[in-house]
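As a plain string of letters, each chain reads:
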Amino acid sequence: QKEVEQDPGPLSVPEGAIVSLNCTYSNSAFQYFMWYRQYSRKGPELLMYTYSSGNKEDGRFTAQVDKSSKYISLFIRDSQPSDSATYLCAMSDYGNQFYFGTGTSLTVIP
Amino acid sequence: DTGVSQDPRHKITKRGQNVTFRCDPISEHNRLYWYRQTLGQGPEFLTYFQNEAQLEKSRLLSDRFSAERPKGSFSTLEIQRTEQGDSAMYLCASSLEGGTVHGYTFGSGTRLTVV
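Here the structure is a predicted model, which is why all the values come from computation and not from measurement.

Analysis parameters
- Residues numbered from 1 in each chain as written.
- Chains lettered and ligands numbered in written order.
- Predicted model: local features only at pLDDT ≥ 70, side-chain atom pairs only at ≥ 80, totals over all residues.
- Heavy atoms only, no water.
- Contact = heavy atoms within 4.5 Å.
- Buried area = accessible area lost by both parts, 1.4 Å probe.
- Salt bridge = Lys/Arg side-chain N within 4 Å of Asp/Glu carboxyl O.
- Polar contact = N/O pair within 3.5 Å; in protein donor to acceptor, adjacent residues only side chain to side chain.
- Helix = DSSP H or I, 4+ residues; strand = E, 2+ residues; numbered from the N terminus.
- Pairing = 2+ DSSP bridges.
- Axes fitted to C-alpha atoms, helices over the stretch in contact; angles between N-to-C directions.
- Buried < 20%, exposed > 50% of the residue type's maximum accessible area, 1.4 Å probe, protein only.

Chemist: Explanation requested: the interface of chain B and chain A in the structure shown.
Modeler: A common measure of how large an interface is: the accessible area buried when the components associate. Counting residues at the interface gives 24 residues for chain B and 21 residues for chain A. In total, about 1,800 Å² of surface goes out of reach between chain B and chain A, with carbon and sulfur atoms giving 51% of it. When residues of chain B are sorted by the area they lose upon contact with chain A, B:Thr100, B:Val101 and B:Phe106 head the list and together hold 28% of the total. Taken together, the connections running from chain B to chain A amount to zero salt bridges. Between the two partners, chain B and chain A, sit six residue pairs in polar contact (both at pLDDT 80 or more). The set of elements that each furnish at least two residues to the side of chain B that touches chain A consists of strand S4 (31-37), strand S5 (44-50), strand S9 (88-95) and helix H1 (99-102) of chain B.

Right, here's the structure in full:
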């Protein structure tokens, strides 16, 4: 079993929809949680980071962490075609590496 | 400084050849990381430097792989006797202290194709 599980999709939504992306994990030592966005043939770009249970909001993006369920989510409000990309969750314990999900491919249709 | 730079962007090599990739981190970042990403997968950790010291290596980093960061600035990743299974995107990232708390900045990667 992988330490981080993420539904690969693909996910296709109409412009303006609310998107929900999720990851589950098995290692209770994970303390730091990130979401990265990756466009085709580019490196991942950091969207949001958090290190506690609860919600964190940044513009149209909300990251949610539930440590008791080992479940994290990213919500995108008012989705735009420019949001079309692969979204990667990543998490870490107190070490120096991130453990990534496989990524969810999102397409926002105009 | 506009970010993490990686060179080359794409490398095609024949099986058995050696290849070397270069990464130039953000100048004030003392931590540098190498990850590998295969198609349809998330990045996997290979190794990490703090300044010039290589502090951690994944078991994915076989003895055919070697990484250096000689002056604590740019880094190189060399793969000897390449195999088809080495075909992947090699990503470099850098951060200040606390990279796993606040996240790090990735480069655009070097895509390796072994034929």
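Chemist: Would you mind going over the sheet that holds strand S6 (residues 54-58) of chain A with me for this structure?
Modeler: Through backbone hydrogen bonds, the strands of a sheet pair up, either in parallel or in antiparallel fashion. Residues and elements named next belong to chain A. The five strands lie next to each other as S1-S3-S8-S7-S6, forming an open sheet whose pairing is antiparallel. Edge positions in the sheet fall to strand S1 (4-6) and S6, since each of these pairs with one other strand and no more. Sheet twist, expressed as the mean angle between neighbouring strand axes with direction ignored, is 20 degrees. For strand S7 (residues 61-66) and strand S8 (residues 71-76), the ladder comprises six bridges, and the chain directions are antiparallel. By the bridge assignment, Ala 63 is partnered in S8 with Leu 74.

Chemist: When you look at the environment of B:Gln6 in this model, what are you seeing that I'm missing?
Modeler: Residue and element names in this part refer to chain B. Residue placement: Gln 6 occurs in strand S1 (residues 5-7). Between the alpha carbons of Gln 6 and Lys 71 there is a distance of 17 Å; along the sequence they are 65 residues apart. In contact with Gln 6, other than residues within four places in its own chain, are Arg 22, Cys 23, Trp 34, Tyr 90, Leu 91, Cys 92, Gly 107, Ser 108, Gly 109 and Thr 110. A polar side-chain atom of Gln 6 sits 2.9 Å from the main-chain carbonyl oxygen of Tyr 90. Within the structure, Gln 6 has its side chain in polar contact with the backbone nitrogen of Cys 92 (distance 2.9 Å).

Chemist: What is the right way to look at the pattern of salt bridges in this model?
Modeler: Pairs can form between side chains of opposite charge once their charged atoms are near each other. In total, this model carries six salt bridges over all chains according to the counting rule given. Note that A:Arg60 and A:Asp83 form a salt bridge whose closest N and O atoms lie 2.9 Å from each other. With A:Arg60 in the loop between S6 and S7 and A:Asp83 in the loop between S8 and strand S9 (85-92), this residue pair connects regions lying 23 residues apart in the sequence. In this structure, B:Arg64 and B:Asp86 form a salt bridge, with 2.9 Å as the shortest nitrogen-oxygen distance. Taken together, the residues B:Arg64 in the loop between strand S6 (53-57) and strand S7 (65-68) and B:Asp86 in the loop between strand S8 (75-79) and S9 connect sequence positions 22 residues apart. The same class applies to B:Arg64 as to B:Asp86, namely buried. Through salt bridges with shared partners, a single network forms among B:Arg64, B:Glu83 and B:Asp86.

Interpretation note: all reported values are geometric properties and have no functional meaning in isolation.
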